[in-house]
Amino acid sequence: MIGILSYGLGNVSAFSNIYKKLGFECKLVEKLEDLIDIDKLILPGVGAFDYAMKCFDDSGLRREVERLVLVKKVPILGVCVGLQMMANSSDEGALSGLGWIDATVAKFDLESLPEGYPLPHMGWNNLQVLNEDPLLEGLDNSKFYYLHSYYILPKNKEEVIGSAFYGKKFCCVVRKDNICGMQCHPEKSHSHGIRFLKNFAEI
């Protein structure tokens with residue numbers, strides 16, 4: 001059973017619809033009882049870092065989710081701001097992140113970006129596989145949809161398994177054991193996004 005964390009942010013219905021069409025059991029997780037019998041988790045996120053962290057804290061889900069992820073080693077996928085929340089901190093806000101990945105979150109430097117690279121980075125861009133991983137099987141050089149101005153900087157470069165280019169190469173996909181994250185939006189990325197979500201369900 002895949003649990004989609006519904007804490008007030010993210011297009012949770014899009015994830016749910018994709019998994020139902022693929023034939024995977026899934027449900028929205030809105031309260032603690034919904035976490036019973038969960039095999040995998042998805043942490044979506046949109047908007048500002050601090051607001052996302054506050055919503056997650058206020059949901060009452062954080063403590064049990066952290067037990068499942070850090071102790072029980074339940075696989076989890078963070079998407080967009082959901083990935084950024086897994087870092088220690090973000091330049092976008094003052095609150096601490098979850099600290100599941102030893103990383104910070106930085107903003108693209110608009111002044112150093114070449115002409116023709118406005119912020120936010122919005123639209124379709126290719127994903128480059130850096131380290132072979134079942135999560136990215138069949139997805140090298142595939143197109144995904146992006147909408148962001150910030151990106152994650154893991155200290156352990158081996159945890160970066162996918163990148164994209166927007167004026168410079170940046171981290172797009174992270175995997176640290178059972179903790180996975182993607183900066184772009186698989187739920188909006190048509191067949192490639194569906195393949196990615198299927199890969200996550202099967203790892």
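Small disclaimer: the values here were computed from a predicted structure and weren't measured.

Conventions adopted
- Residues numbered from 1 in each chain as written.
- Predicted model: local features only at pLDDT ≥ 70, side-chain atom pairs only at ≥ 80, totals over all residues.
- Heavy atoms only, no water.
- Helix = DSSP H or I, 4+ residues; strand = E, 2+ residues; numbered from the N terminus.
- Buried < 20%, exposed > 50% of the residue type's maximum accessible area, 1.4 Å probe, protein only.
- Contact = heavy atoms within 4.5 Å.
- Axes fitted to C-alpha atoms, helices over the stretch in contact; angles between N-to-C directions.
- Parallel < 35°, antiparallel > 145°, perpendicular 65-115°, else oblique.
- Nonpolar A, V, L, I, M, F, W, Y, C, P; charged D, E, K, R; others polar.
- Pairing = 2+ DSSP bridges.
- Core = buried A, V, L, I, M, F, W, Y, C linked by side-chain atoms within 4.5 Å.

Draft legend 1. How the structure looks around the environment of Glu-158. Within the fold, Glu-158 resides in the loop between strand E9 (150-154) and strand E10 (160-165). Given a relative accessible area of 66%, Glu-158 falls into the exposed group. Sequence separation between Glu-158 and Leu-130 is 28 residues; the distance between their C-alpha atoms is 9.2 Å.

Draft legend 2. Inspection of helix H1 (residues 12-22) at higher detail. If you check which residues of H1 are buried, you get Val-12, Ala-14, Phe-15, Ser-16, Ile-18 and Tyr-19. In this fold, the buried residues of H1 make contact with strand E1 (2-5), strand E2 (26-29), strand E3 (40-43), strand E4 (76-79) and helix H5 (190-202). Gly-23 sits one or two residues past H1 and shows a positive phi near 90°.

Draft legend 3. Up close: the packing of H1 against H5. In contact at an axis separation of 11 Å, H1 and H5 are set at 75° when each is read in the N-to-C sense. In terms of orientation, H1 and H5 fall into the roughly perpendicular class. Here H1 contributes Phe-15, Ile-18, Tyr-19 and Leu-22 to the contact with H5, which in turn contributes Ile-194, Leu-197, Lys-198, Phe-200 and Ala-201. A per-class count over the contact of H1 with H5 returns eight nonpolar, no polar and one charged.

Draft legend 4. The sheet that holds strand E5 (residues 89-90), seen in detail. In space, the three strands of this open sheet follow the order E5-E6-E9, with mixed pairing throughout. Single-partner strands in this sheet number two, and they are E5 and E9. With five bridges connecting them, strand E6 (residues 103-107) and E9 associate as antiparallel partners. When the bridges of E9 are listed, Val-105 appears paired with Ile-152.

Draft legend 5. Inspection of the nonpolar core at higher detail. Ranked by internal contacts, the top residues of the largest apolar core, which has 70 residues, are Leu-5, Leu-41, Val-65, Ile-76 and Phe-196. Discounting chain neighbours no more than four positions away, the residues touching Phe-196 are Leu-77, Leu-135, Leu-136, Leu-139, Phe-144, Val-173, Met-182 and Pro-186.

Draft legend 6. Structural context of unusual backbone geometry. Here Leu-119 and Pro-120 are connected by a cis peptide whose omega angle stands at 0°. Inspection of the secondary structure puts Pro-120 in the loop between E6 and strand E7 (121-129). The residue Asp-37 is not glycine, and still its phi comes out positive at about 65°. Position of Asp-37 among the secondary structure elements: in the loop between E2 and E3. Taking relative accessible area as the criterion, Asp-37 reaches 65% and is therefore assigned exposed. Positive phi is not limited to glycine here, since Cys-80 has a value of about 55°. For Cys-80, the position within the fold is in the loop between E4 and helix H4 (81-84). Of the residues examined, Cys-80 reaches a relative accessible area of 4% and is grouped as buried.

Note that every value here comes from positions in space, so none of it alone points to a role or purpose.
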